[in-house]
Amino acid sequence: EPEVTQTPSHQVTQMGQEVILRCVPISNHLYFYWYRQILGQKVEFLVSFYNNEISEKSEIFDDQFSVERPDGSNFTLKIRSTKLEDSAMYFCASSEALAGAGETQYFGPGTRLLVL
Amino acid sequence: DAKTTQPTSMDCAEGRAANLPCNHSTISGNEYVYWYRQIHSQGPQYIIHGLKNNETNEMASLIITEDRKSSTLILPHATLRDTAVYYCIAPSGYALNFGKGTSLLVTP
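Worth saying up front: this structure is predicted, and the values here are computed from it rather than measured. (Residues numbered from 1 in each chain as written. Chains lettered and ligands numbered in written order. Predicted model: local features only at pLDDT ≥ 70, side-chain atom pairs only at ≥ 80, totals over all residues. Heavy atoms only, no water.)

Visitor: Mind laying out the pairing of strand β3 (residues 19–24) of chain A, listing which residues take part and the relevant values?
Guide: Residue and element names in this part refer to chain A. Here β3 shows one buried face, formed by Val-19, Leu-21 and Cys-23, and one open face, formed by Ile-20, Arg-22 and Val-24. Sheet analysis places β3 next to strand β8 (residues 75–79), joined by 5 bridges and oriented antiparallel. Across the sheet, Cys-23 pairs through a bridge with Phe-75, a residue of β8. (Buried < 20%, exposed > 50% of the residue type's maximum accessible area, 1.4 Å probe, protein only. Helix = DSSP H or I, 4+ residues; strand = E, 2+ residues; numbered from the N terminus. Pairing = 2+ DSSP bridges.)

Visitor: Explain the environment of Ala-97 of chain A to me, using residue names and the numbers behind them.
Guide: Residue and element names in this part refer to chain A. Here Ala-97 shows up in the loop between β9 (88–95) and β10 (106–107). Distance in space between the C-alpha atoms of Ala-97 and Ser-73 is 17 Å, their sequence separation being 24 residues. Among all residues touching Ala-97, those that are not within four sequence positions of it are Tyr-31, Tyr-33 and Glu-103. (Contact = heavy atoms within 4.5 Å.)

Visitor: Hey, could you go over the interface of chain B and chain A for me, with residue numbers and the actual values?
Guide: Across the boundary between the two partners, chain B contributes 20 residues, which contact 25 residues of chain A. Approximately 1800 Å² of surface area, both sides summed, lies buried where chain B meets chain A, with 58% of it carried by carbon and sulfur atoms. For the pair chain B and chain A, the number of links is 5 residue pairs in polar contact (both at pLDDT 80 or more). It is strand β3 (residues 33–38) of chain B that provides the largest number of residues to the side of chain B that touches chain A, a total of 3 residues. Among the residues making up the side of chain B that touches chain A, the classes are represented as 10 nonpolar, 10 polar and no charged. (Buried area = accessible area lost by both parts, 1.4 Å probe. Polar contact = N/O pair within 3.5 Å; in protein donor to acceptor, adjacent residues only side chain to side chain. Nonpolar A, V, L, I, M, F, W, Y, C, P; charged D, E, K, R; others polar.)

Visitor: Tell me what's going on with the sheet that holds strand β6 (residues 61–64) of chain B, and back it up with residues and numbers.
Guide: All names here are of chain B. Here 4 strands make up an open sheet; going across it, the order is β2-β7-β6-β5 and the pairing antiparallel. At either end of the open sheet lies a strand with only one pairing partner, and these are β2 (18–23) and β5 (55–56). In this sheet, strand β7 (residues 70–75) lies alongside β6 in antiparallel orientation, the contact comprising 4 bridges. When the bridges of β7 are listed, Ile-64 appears paired with Ser-71.

Visitor: How would you sum up the state of the cysteines? Please name residues and give values.
Guide: By the definition in use, this model includes 2 disulfides over all chains. Through a disulfide, Cys-23 of chain A is tied to Cys-92 of chain A; the S-S separation comes to 1.9 Å. Here Cys-23 of chain A and Cys-92 of chain A share a disulfide; its torsion about the S-S bond, -65 degrees, makes the bridge left-handed. Highlighted residues: Cys-23 of chain A in strand β3 and Cys-92 of chain A in strand β9, separated in sequence by 69 residues. Cysteine Cys-12 of chain B is unpaired, with the sulfur of Cys-22 of chain B as its nearest cysteine sulfur at 18 Å. (Disulfide = S-S within 2.5 Å.)

Visitor: Just give me the short version of the environment of His-24 of chain B, but keep the residues and values in it.
Guide: Residue and element names in this part refer to chain B. Along the chain, His-24 falls in the loop between β2 and β3. Those residues within four positions of His-24 in sequence are excluded, and the remaining contacts are Lys-3, Thr-4, Val-33, Arg-68, Lys-69, Ser-70, Ser-71 and Cys-88. At a separation of 2.9 Å, a polar atom in the side chain of His-24 contacts the side chain of Ser-71.

Printed below as a string of structure tokens:
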């Protein structure tokens, strides 16, 4: 069964450093998403991406964040200058179409980011 | 997104059916109801979704009331591995709003 994969599974970085989290969505999917979950808190939407542009973003997704689909298979989340409060699990998801249209988002296993 | 309301926690004995309720009284006519679960800090796992009709798959059944203001997720024979947080979501666009969900504990 096709699945979303994410690398690395764990990432430790120093405050102020740039990190890139990588995701390989399911191959025939067209919509891509990033969510995060701070330890003990709920899963929060960050951004959605379709047709090579951001389609929706939350208040969390500020200028420190960017997303890119550098090739036909990868989808990346870049945090330019990490802060302590960026420590969280980051989940990538993909779908064929919108959840609001009855299509399902499938999630990857996540990357645990720890900023020291 | 329609607002959803779920109980904070529930218990279920192993082997019995787990019935998880969700209220979504403000749901609009074209908003689907989705159920996901999260085991520990793993990625959210899709379970089932529906619009108006009841749905069943290999994991669960979804019963939606005729007025669509509430639904129930049924795990027919709960196992210890079904212990997780279950989320009922009614998205209208791109984002899934996970809320706090129902923490289901399946006991031996």
